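Listed below, chain by chain, are the residues.
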Number of protein chains: 2
Amino acid sequence: MTTTPGLLPVGLRDRLPPQAEAASRLLHRVIVAIGRNGYERVAPPLAEFEDELVGRLKSARAHDLLRVVDPISQKTLALRPDITAQAGRIAATRMAHRPRPLRLAYGGPVLKLKTTQLRPERELTQAGAELIGSDSVAAAIEVLGVAIEALETAGVTGITVDLTLPDLIETLAAGPMPLTAARLERVRERLDAKDVGALAGLEAQAYLPLVAAAGPVAPAIAKLRALDGIAVLCQRLDAVEQIVAAFAGRATITLDPTERQGFEYQSWIGFSLFGEGLSGEIGRGGSYTILHADGREEPATGFSLYIDPLVDAGLGQEPSRRVFVPLGSDPAAAAALRGEGWTTIAALSETDDPAQANCAYILTGTTPEPLQPSP
Amino acid sequence: MTTTPGLLPVGLRDRLPPQAEAASRLLHRVIVAIGRNGYERVAPPLAEFEDELVGRLKSARAHDLLRVVDPISQKTLALRPDITAQAGRIAATRMAHRPRPLRLAYGGPVLKLKTTQLRPERELTQAGAELIGSDSVAAAIEVLGVAIEALETAGVTGITVDLTLPDLIETLAAGPMPLTAARLERVRERLDAKDVGALAGLEAQAYLPLVAAAGPVAPAIAKLRALDGIAVLCQRLDAVEQIVAAFAGRATITLDPTERQGFEYQSWIGFSLFGEGLSGEIGRGGSYTILHADGREEPATGFSLYIDPLVDAGLGQEPSRRVFVPLGSDPAAAAALRGEGWTTIAALSETDDPAQANCAYILTGTTPEPLQPSP
């Protein structure tokens, strides 16, 4: 028995009432909204073999793993920092035989090694959906629509979608705006750092208008359309315009065609989601590819939402109608009230009282009667 | 990128459709049912400092921990094998100031180091409730009632409650049926092993009728009542009879007055829950004490339920009404159907079809029309 108070490690916390219930309610609502769009639930485990998980994690996430010593397998397990990669594994293995498009949903806790200033928590609740077998514009519109609908169901308003074109620079460099591999890498670095001045020194002035175009989507598209005759860019802008049209009036949309941070594993489209009054990014997604065991690559589009910023902003809290059940009441009457959505608080002894139990009603016979607050 | 198929460590598994959705639905139902009884949700983290967690874990569980190396704190973290101890920590620290009785609920994954033949899974979903501040007979009846109601909500039928009196032997040994500490330990061992023959050799014949009484509760009580004049035993039997009366017709009840395995940290009452057609124990609970930082002990009564055996038995699966949404349909019509509980599957291209999408309906205008199955 310890006698020290309950200290928790950095980045891990208790959720107390009413936030804990709100978190549960919001996750449930989000996952139900996703499911109604035909996404079937999968539930991968909290931990996997480190090698297997790292192999499927993209970008920086492989360096962000909490590792577990497993005496049974004599191997290192890693706690999942993300569920997307696990859903991809399931799609590529146990559900490889299922017809495409395959729609998968998931929701649960993830654990990270590190905290960041923006996200001081190391345990987060992630929910998401993956549309396996397509990375078309229609797929992007469906996936973004499901994400927005799920957030709306959770009570998020003033939704903003920041669109990015993650592989645009590489695509342009390989074609209409040629760059050698070495120069591409330096240009990519300068673009990631938003260091526009350095681009001229790299003889990459042609890329400057892409950086300058970033912002609200309509003027951004107008600026980019002015860059004549780049077919691949026009194609991407057509797709962006279709997306914008699909969500007119439902979300504010911006475009940053060169932004790539956190989208290193996305292909032609990436997006971040924000909500009014909510801290930081509340979701992200885009198109990507899943690698099968036989080397085949499969296109996919998906998104993840984070429930915690919603909870932290007070969403999902609902007052309960609490009725005090005095000693000797009919248990069936209390059960009937619970069936109608009441919360019943049973007296355990003569000293229990409705005020201490935070009840505004008292069961009288079979009816909840309102209590007068003390003057 | 790995090219090996997605092997998982022993005891960890993917839940696929439809079990994954059933697991989520059952957990939600159980936690809502518990909440309707006034138990407020808390959500402790998946991992804590090992020292802190071990200090609050009772019995064998402290040896059943998956440990995590945490480079940030330079300490060892342990993944929770159980949420009860965490709820106790919260009650004793962050919610120590809240009036009693304090009712807390929780639900989420737990991880164990070892598998057993009965429970080959190392990740389980646990839900539960703790009534802090009372270990009275009324508390036991409330807690058992909430557990049974939650299981009924999840679709469990034919519920059996196995009652035990975990500290009875120690109580009798210290009073009416005296045993020295050394002999008590040996008697306890023989009782745990159900090795009745050895009890006579230990001059503990007086304890034999307790072993013989185990079984259906009515004859068990009758046999124990025949042991004249042991006040503490009579007191316990009075309590058991009150419990039995509270659940008459709702559950089958047995009594094993000397059973203690897995109840090492329970005080006067312990119970295991079983359901018709379900594999093994589906829940357990009882009375216990919580240690506060100032050394004060507080009585409590609670239970835990395990969702996995319910899922494995097929509970919680519900067919969805799937409607195919052809290209060019009105998105608002599909959204309205989702609002009514339909699952909509949107066509992404001309080649998508309702049969492949497993839909029995097709959206026609704003109405779902049934599809004729192919002959």
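How each quantity is defined
Residues numbered from 1 in each chain as written. Chains lettered and ligands numbered in written order. Predicted model: local features only at pLDDT ≥ 70, side-chain atom pairs only at ≥ 80, totals over all residues. Heavy atoms only, no water. Contact = heavy atoms within 4.5 Å. Buried area = accessible area lost by both parts, 1.4 Å probe. Salt bridge = Lys/Arg side-chain N within 4 Å of Asp/Glu carboxyl O. Polar contact = N/O pair within 3.5 Å; in protein donor to acceptor, adjacent residues only side chain to side chain. Helix = DSSP H or I, 4+ residues; strand = E, 2+ residues; numbered from the N terminus. UniProt positions renumbered as here; feature names shortened; annotations may be inferred. Buried < 20%, exposed > 50% of the residue type's maximum accessible area, 1.4 Å probe, protein only. Domains from an automatic or database assignment. Core = buried A, V, L, I, M, F, W, Y, C linked by side-chain atoms within 4.5 Å. Pairing = 2+ DSSP bridges. Axes fitted to C-alpha atoms, helices over the stretch in contact; angles between N-to-C directions. Least-squares fit on C-alpha atoms with pLDDT ≥ 70 in both. Phe/Tyr/Trp six-rings, centres within 6.5 Å; stacked < 30°, edge-to-face > 60°. Lys NZ or Arg CZ within 6 Å of the ring centre and 35° of its normal.

1. Concerning the interface of chain B and chain A
Accessible area lost upon the coming together of the parts is a frequently used measure of interface size.
Then step 1. Across the boundary between the two partners, chain B contributes 84 residues, which contact 84 residues of chain A.
Then step 2. Approximately 7200 Å² of surface area, both sides summed, lies buried where chain B meets chain A, with 61% of it carried by carbon and sulfur atoms.
Then step 3. Remark: the boundary between chain B and chain A carries 8 salt bridges.
Then step 4. Residue arginine 338 of chain A is joined to glutamate 149 of chain B by a salt bridge in which the shortest nitrogen-to-oxygen separation is 2.6 Å.
Then step 5. The interface formed by chain B and chain A contains 27 residue pairs in polar contact (both at pLDDT 80 or more).
Then step 6. Looking at the side of chain B that touches chain A, the element that brings in the most residues is helix 1 (residues 19-36) of chain B, giving 7 residues.

2. Quick word on the UniProt feature "binding site: L-histidine" (unreviewed entry) in chain A
Residues and elements named next belong to chain A.
Then step 1. Mapped onto this numbering, the UniProt entry gives "binding site: L-histidine" (unreviewed entry) at Asp82, Ile83, Thr84, Gln126 and Glu130. These annotated residues cover 49 residues of sequence, and their C-alpha atoms all fall within 13.0 Å of one another, placing them together at a single site.
Then step 2. Residue classification places threonine 84 among the buried residues on the basis of a relative accessible area of 6%.
Then step 3. Note on placement: glutamate 130 falls in strand 6 (residues 123-132).
Then step 4. A relative accessible area of 1% places glutamate 130 in the buried class.
Then step 5. Apart from the residues within four sequence positions on either side, glutamate 130 is in contact with Tyr39, Thr84, Ala87, Leu102, Arg103, Leu104, Tyr106, Tyr288, Thr301, Gly302 and Phe303.

3. With respect to the domain arrangement of chain A
All names here are of chain A.
Then step 1. With domains assigned, chain A is organised as domain 1 (15-156 + 261-318), domain 2 (167-258) and domain 3 (322-370).
Then step 2. Computed from C-alpha coordinates alone, the two centres of domain 1 and domain 2 are separated by 27 Å.
Then step 3. Taken together, the contact pairs 11 residues of domain 1 with 9 residues of domain 2.
Then step 4. Across the domain 1/domain 2 interface, buried area totals approximately 980 Å², and carbon plus sulfur atoms make up 71% of it.
Then step 5. One can count 1 salt bridge joining domain 1 with domain 2.
Then step 6. The residue arginine 250 makes a salt bridge to glutamate 152 at a minimum N-O spacing of 3.1 Å.

4. Let's talk about the nonpolar core
Then step 1. In this structure, Val161, Leu163, Leu210 and Leu255 of chain A are the most contacted members of the largest nonpolar core, which totals 71 residues.
Then step 2. Excluding its chain neighbours within four sequence positions, the residues that come into contact with leucine 255 of chain A are Leu163, Leu165, Ala213, Ala214, Gly215, Val217, Ala220, Ile221, Leu224, Leu237 and Val240 of chain A.
Then step 3. Core analysis: the second largest hydrophobic core is formed by 70 residues, Ile34, Leu199, Ile243 and Leu255 of chain B among them.

5. Focus: the pairing of strand 5 (residues 102-111) of chain A
All names here are of chain A.
Then step 1. Of all 10 residues in strand 5, 9 are buried, a share of seventy percent or more.
Then step 2. Bridge analysis of strand 1 (residues 40-41) against strand 5 gives 2 bridges, and the strand direction is parallel. Within the sheet, the bridge partner assigned to arginine 41 lies in strand 5 and is alanine 105.
Then step 3. Strand direction decides the pairing type here: strand 5 and strand 6, joined by 10 bridges, are antiparallel. Looking across to strand 6, one finds that proline 109 is bridged to threonine 125.

6. A short note on the sheet that holds strand 6 (residues 123-132) of chain B
Within a beta sheet, neighbouring strands are joined by backbone hydrogen bonds and run either parallel or antiparallel to one another.
Residue and element names in this part refer to chain B.
Then step 1. Read across the open sheet, the 9 strands follow the order 1-5-6-12-11-10-7-9-8; overall the sheet is mixed. Both edges of this open sheet fall to strand 1 (40-41) and strand 8 (215-216), since each of them pairs with a single strand only.
Then step 2. In the sheet, strand 11 (residues 283-291) pairs with strand 12 (residues 297-306) via 9 bridges, with the strands oriented antiparallel. Looking at strand 12, one finds that leucine 291 is bridged to glutamate 297.
Then step 3. Here helix 4 (residues 137-153) sits on the sheet in contact with strand 5 (102-111), strand 6, strand 7 (160-164), strand 10 (270-274) and strand 12, set at roughly 15 degrees to strand 12.

7. Quick word on the sheet that holds strand 11 (residues 283-291) of chain A
Residue and element names in this part refer to chain A.
Then step 1. Strand order in the open sheet formed by 9 strands is 1-5-6-12-11-10-7-9-8, and the pairing between neighbours is mixed. Whereas interior strands pair on both sides, the edge strands pair on one side only; in this sheet they are strand 1 and strand 8 (215-216).
Then step 2. Relative to strand 10 (residues 270-274), strand 7 (residues 160-164) runs antiparallel, the two being bridged by 5 bridges. Along strand 10, the bridge assignment pairs leucine 163 with phenylalanine 271.

8. Thoughts on the relation of the copies chain B and chain A
Then step 1. After a rotation of 180 degrees and a shift along the axis of 0.0 Å, chain B superposes on chain A with an RMSD of 0.0 Å. Here the symmetry operator amounts to a two-fold rotation axis. Minimal C-alpha distance to the rotation axis in chain B is attained by valine 68 of chain B, lying at 2.3 Å.
Then step 2. When you check the interface residues of chain B against chain A, 100% turn up at the interface there too, and the contact is symmetric in its surfaces.

9. Comments concerning the packing of aromatic side chains
Then step 1. The full count for this structure, using the stated rule, is 4 aromatic pairs over all chains.
Then step 2. Summarising the aromatic geometry, the rings of tryptophan 342 of chain A and tyrosine 361 of chain A are spaced 4.9 Å apart at their centres and angled 85 degrees between planes, so their arrangement reads as edge-to-face. One end of the pair, tryptophan 342 of chain A, is in the loop between helix 12 (331-339) and strand 14 (343-346); the other, tyrosine 361 of chain A, is in strand 15 (residues 361-364), with 19 residues separating them in the sequence.
Then step 3. Residue classification places tryptophan 342 of chain A among the buried residues on the basis of a relative accessible area of 7%.
Then step 4. A cation over an aromatic ring shows up here: arginine 284 of chain B above the ring of phenylalanine 263 of chain B, its NZ or CZ 4.3 Å from the ring centre.

10. Some remarks on the environment of leucine 65 of chain B
Residues and elements named next belong to chain B.
Then step 1. Secondary-structure assignment places leucine 65 in the loop between helix 2 (50-56) and strand 3 (67-70).
Then step 2. Between the C-alpha atom of leucine 65 and that of threonine 76, which follows or precedes it by 11 residues, the distance is 11 Å.
Then step 3. Residues contacting leucine 65, with those up to four places away along its chain left out, are Glu50, Leu53, Val54, Leu57, Ala78, Leu79, Pro81 and Leu113.

11. Side note on the pattern of salt bridges
Then step 1. The final tally for this structure, using the stated rule, is 62 salt bridges over all chains.
Then step 2. Among the ionic contacts, a cluster of salt bridges with common partners joins Arg13, Arg15, Glu121, Asp308 and Asp312 of chain A.

12. Some details on the environment of glutamine 356 of chain B
Then step 1. With respect to the helices and strands, glutamine 356 of chain B occurs in the loop between strand 14 (343-346) and strand 15 (361-364).
Then step 2. Leave out the neighbours within four places in its chain, and glutamine 356 of chain B touches Pro99, Arg100 and Pro101 of chain A.
Then step 3. Side-chain polar atoms of glutamine 356 of chain B contact the backbone oxygen of arginine 100 of chain A, separated by 2.7 Å.

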